[in-house]
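Each chain, written out:
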Amino acid sequence: MKLSIVATLYCSAPYIREFYQRSTAVARELAGEDYEIVLVNDASPDDSLALAVQLTEQDAHLVVVDLSRNFGHHKAMMAGLEHSQGDLIFLIDSDLEEEPEYLQGFAQQMQHEACDVVYGVQAKRKGGRFEQWSGRWFYRFFRLLTGLSLPENVVTARLMTRRYVDALLLHREREVFMAGLWHITGFDQRPQLVCKHSTSETTYTLGRKLSLLVNSVTAFSNAPLVGIFYIGVSISMLALLYIAYLVAHWAFFARPLSGWTSVMASIWLLGGMVISFIGVVGIYLSKIFSETKQRPYTIVRQVHAKRQE
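For every chain, the first residue of the written sequence is number 1, and numbering continues from 1 along that sequence. Two thresholds apply to this predicted model, a pLDDT of at least 70 for residue-level local features and 80 or more for giving and counting side-chain atom pairs, whereas whole-chain, interface and lining totals are computed over all residues. Side-chain numbers here rest on the full set of heavy atoms in the structure, without hydrogens or water.

Student: What is the right way to look at the pattern of salt bridges in this model?
Tutor: Close approach of charged atoms allows side chains of opposite charge to pair. The salt bridge criterion pairs a side-chain nitrogen of Lys or Arg with a carboxyl oxygen of Asp or Glu, the two atoms within 4 Å. A full pass over the atoms with the stated rule returns 11 salt bridges. Across the salt bridge formed by arginine 190 and glutamate 113, the nearest N and O atoms sit 2.7 Å from each other. Of this pair, arginine 190 sits in strand β7 (residues 189–194) while glutamate 113 sits in helix α4 (residues 102–113); the two residues are 77 residues apart in sequence, bridging distant segments of the chain. Three labels apply to residues, based on accessible area from a 1.4 Å probe with only protein chains included: buried if under 20% of the type maximum, exposed if over 50%, partly exposed otherwise in between. Look at arginine 190 and you get partly exposed, because its relative accessible area is 27%. By relative accessible area, glutamate 113 is classed as partly exposed at 27%. Residue aspartate 116 is joined to arginine 163 by a salt bridge in which the shortest nitrogen-to-oxygen separation is 2.6 Å. You can see aspartate 116 sitting in the loop between α4 and β5 (117–122) and its partner arginine 163 sitting in helix α6 (residues 162–168), a full 47 residues away along the chain. Taking relative accessible area as the criterion, aspartate 116 reaches 5% and is therefore assigned buried. Each of Glu18, Arg22 and Glu101 takes part in one network of salt bridges that share partners. Runs of E in the DSSP output that reach at least two residues are strands. Runs of H or I that reach at least four are helices, and both are numbered from the N terminus.

This is how it looks when you write it as structure tokens:
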């Protein structure tokens, strides 16, 4: 098969039919009849699944992968890539904020530059000031804590070769951070500027962004653990210097120091740091716990497709 278009469904009912029509049109221009469209239903609470299954009854090119529950956007994308069969795989969101027509420009660039991946980058990040600010600082913190320089303002849309996707699927961790996996998989990856539209409110709240930052950093770096070690050493050195000062004060001045406030402040400070450090170690231990159980990161309830006659 020449081409696979992969997208996930979550609250996608208003966009499915138009996405299907536009994706079908661009796929036929590029691959004739040698293509497939793979839609992964991530337990969407609306009638996205019913609408998608209805479309499979009309078109044998369409495959709907229904997950047993909500596993999250990134894991759903990996499930879609696993079910794709094309030599070229076009991954994109189905909410039409990213245009299916990107595929034409991506394919031209891939052919011209002989690369393995062409991915979309926003010329300017969509959303309000807070969304732009939080997105910018996310990449800065990630770069600072992991040493990985991820391209900023990337979108989901990307065209990939089969050998790249096969390599990407070799990553079997249960805590999936797609932008990091895209980057560390390597190969020749080239950006292309795109304009991302705003068709709906983002589902990435501040809490989800903070959770994503913690998950991505702890999945790709041991810097927090190393930082804890150096902070502990620094505090120990300061404590030794302060003890030496107290001994000298007792030996030469022979009168006790008043310092109840400073002692209590130190206790609260060190107590808070110890609790936070234990929390960081706990995050890493929870990841080890999750990985050692080797649970599948997605479970497919059913695959819907029209039977070939």
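Student: How do you make sense of helix α2 (residues 48–56) when you look at a structure like this?
Tutor: An α-helical turn contains 3.6 residues, so any two residues separated by three or four positions project in the same direction. Within α2 the residues assigned to the buried category are Ser48, Ala52, Val53, Leu55 and Thr56. Down the axis of α2, the buried set is contained in an arc of 155 degrees. They therefore lie on one face. In this description, one arc is meant: the one made by directions from the helix axis to the C-beta atoms.

Student: How should I be thinking about the packing of helix α1 (residues 16–31) against α2 in this particular structure?
Tutor: Helix-helix packing is characterised by the crossing angle of the two axes and by the distance between the axes. The convention used is that axes are lines fitted to C-alpha atoms, helices contributing only their stretch in contact, and that angles between N-to-C directions extend from 0 to 180 degrees. Taken N-terminus to C-terminus, the directions of α1 and α2 make an angle of 35 degrees; their axes are 10 Å apart at the nearest point. You can see that α1 and α2 cross each other, and the crossing is right-handed. For the pair α1 and α2, the contacting residues are Ile16, Arg17 and Tyr20 in the first and Ser48, Leu51, Ala52, Gln54 and Leu55 in the second. We call Asp, Glu, Lys and Arg charged. Ala, Val, Leu, Ile, Met, Phe, Trp, Tyr, Cys and Pro are nonpolar, and the rest, Gly among them, are polar. Each residue belonging to the contact of α1 with α2 can be placed in one class, and the counts come to five nonpolar, two polar and one charged. Whether a crossing is left-handed or right-handed is set by the direction in which the near helix is turned from the far one by less than a right angle, anticlockwise for left-handed and clockwise for right-handed. Contacts between residues were defined by any pair of non-hydrogen atoms, one from each residue, lying within 4.5 Å.

Student: Can you walk me through a nonpolar patch on the surface in this structure?
Tutor: To count toward a patch, a residue needs a relative accessible area over 30% and no salt bridge; like charges are then connected within 9 Å, while nonpolar side chains (Val, Leu, Ile, Met, Phe, Trp, Tyr) are connected within 5 Å. Surface accessibility in these figures is a Shrake-Rupley result with a 1.4 Å probe; residues are shielded only by whichever protein chains are displayed. There is a patch of nonpolar side chains on the surface, built from Val226, Phe229, Tyr230, Val233, Met237 and Leu240 and spanning about 600 Å² of accessible area. Looking at the secondary structure, you find leucine 240 in helix α9 (residues 223–253). A relative accessible area of 54% means that leucine 240 is categorised as exposed.

Student: How do you make sense of the nonpolar core when you look at a structure like this?
Tutor: With 36 residues, the main nonpolar core has Met78, Leu81, Met160 and Leu168 as its most contacted residues. Looking at this core element by element, the count peaks at five residues for helix α3 (residues 73–83). Every residue in contact with methionine 160, bar those within four places of it in the chain, is listed here: Leu81, Asp87, Leu88, Ile89, Leu91, Met110, Asp116, Val117 and Val165. Here, the term nonpolar core denotes a set of buried Ala, Val, Leu, Ile, Met, Phe, Trp, Tyr and Cys residues that are joined through side-chain atoms within 4.5 Å. Core analysis: the next-biggest nonpolar cluster, separate from the first, contains 32 residues, Ala31, Ile37, Leu62 and Leu159 among them.

Student: I'm lost on the sheet that holds β5 in this one. Help?
Tutor: Backbone hydrogen bonds hold the strands of a sheet together, and the pairing may be parallel or antiparallel. A pair of strands is treated as paired once DSSP finds two or more bridges between them. Here eight strands make up an open sheet; going across it, the order is β7-β5-β6-β4-β1-β2-β3-β8 and the pairing mixed. Among the strands making up the open sheet, the edge pair consists of β7 and β8 (300–305). Looking at each pair of strands side by side, their axes are set apart by 20 degrees on average, direction ignored. Pairing geometry for strand β4 (residues 88–91) and strand β6 (residues 154–161), over four bridges, is antiparallel. Counterpart to phenylalanine 90 in the pairing with β6 is leucine 159. Lying on the sheet, α2 is in contact with β1 (3–9), β2 (35–41), β3 (62–67) and β8; it crosses β3 at an angle near 150 degrees.

Student: Can you walk me through the packing of α1 against α4 in this structure?
Tutor: For the pair α1 and α4, the least separation of the axes is 9 Å and the interaxial angle reads 25 degrees. Put simply, α1 runs roughly parallel to α4. For the pair α1 and α4, the contacting residues are Val26, Glu29 and Leu30 in the first and Leu103, Gln104 and Ala107 in the second. In terms of residue class, the contact of α1 with α4 is made up of four nonpolar, one polar and one charged. Relative orientations are named as follows: roughly parallel for angles under 35 degrees, roughly antiparallel for angles over 145 degrees, roughly perpendicular for angles from 65 to 115 degrees, and oblique for any other angle.

Student: Would you mind going over unusual backbone geometry with me for this structure?
Tutor: Glycine aside, a negative phi is what most residues show, and trans is what most peptide bonds show. Positive phi is not limited to glycine here, since leucine 96 has a value of about 70 degrees. Within the secondary structure, leucine 96 is located in the loop between β4 and α4. A positive phi angle is found at phenylalanine 187, which is not glycine, with a value near 70 degrees. Position of phenylalanine 187 relative to the elements: it lies in the loop between α7 (178–184) and β7.

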